[in-house]
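Letter by letter, the chains look like this.
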Amino acid sequence: MSDKKAKKRAELAVAAEQIAAERQVEDALKAIALRRTGHPWGQIARTLGRSQVEVEELAKIGYEHLLGMQDPDVLRAEVEDRLDAIIRAANVELATVETFAERNAAMRTIMTAERDRVRLLGLALKPEKEGDDDA
């Protein structure tokens, strides 16, 4: 009978390890999804019932795994979508600002996101050097 109990305990231990590993993967994906939508690490940690350090590590591992699996064009499109969302939100905010400081902050956000989009898409042009005239 002790062999059956030992075998059963071993099977339960393996099952527990698999469940823990699956939870790690699920939490990593949730952390990445929440982070991509702008949630701070502390809030993500509270949502997942983990420490902030655990959540940051899970997301780091998850990002490395996703980056290794995803096509660069897919990643580029995802980043461009997020930049578009930032630009849209900043333009909405710009339309309702009441102070110069708020206007300047919204304009800075828009310009930063546009600069990042140009870099992402490889559209940045090198400035011409003075004295490079063909004349």
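Structure first, text after, so check above.
This section reports on the structure supplied with the text. Only a predicted model underlies this, so the values are computations on that prediction, with no experimental measurement involved.

Glancing now at the layout of surface pockets. By volume, the largest pocket is sized at about 200 Å³. Lining the largest pocket are Q24, V25, A28, L29, I32, R50, E54, E57, L58, I61, G62 and H65. Counting only elements with at least two residues in the lining of the largest pocket, the list comes to helix 1 (2-36) and helix 3 (52-69). The biggest single contributor to the lining of the largest pocket is helix 3, with six residues. Tallied by class, residues from the lining of the largest pocket come to six nonpolar, three polar and three charged.

Turning our attention to helix 5 (residues 100-121). Taking 1.5 Å of rise per residue, 22 residues should cover 32 Å, and helix 5 covers 31 Å from first to last C-alpha, within 8% of that figure. Every buried residue of helix 5 is listed here: A106, I110, A113 and R117. On an axial view of helix 5, the arc spanned by its buried residues comes to 65°, and they lie on one face. Every exposed residue of helix 5 that faces more than 90 degrees away from the buried side is listed here: F100, A101, R108, M111 and R119. A positive backbone phi angle near 70° is found at G122, which sits one or two residues after helix 5.

The rules behind these values
Residues numbered from 1 in each chain as written. Predicted model: local features only at pLDDT ≥ 70, side-chain atom pairs only at ≥ 80, totals over all residues. Heavy atoms only, no water. 1 Å grid on protein atoms, 1.4 Å probe; cavity = no way out; pocket = protein on both sides within 12 Å on 5 of 7 lines; lining within 4 Å. Points joined across faces, edges and corners; volume = space filled by probe spheres on them. Helix = DSSP H or I, 4+ residues; strand = E, 2+ residues; numbered from the N terminus. Nonpolar A, V, L, I, M, F, W, Y, C, P; charged D, E, K, R; others polar. Expected span 1.5 Å × (residues − 1). Buried < 20%, exposed > 50% of the residue type's maximum accessible area, 1.4 Å probe, protein only. Arc of directions from axis to C-beta.

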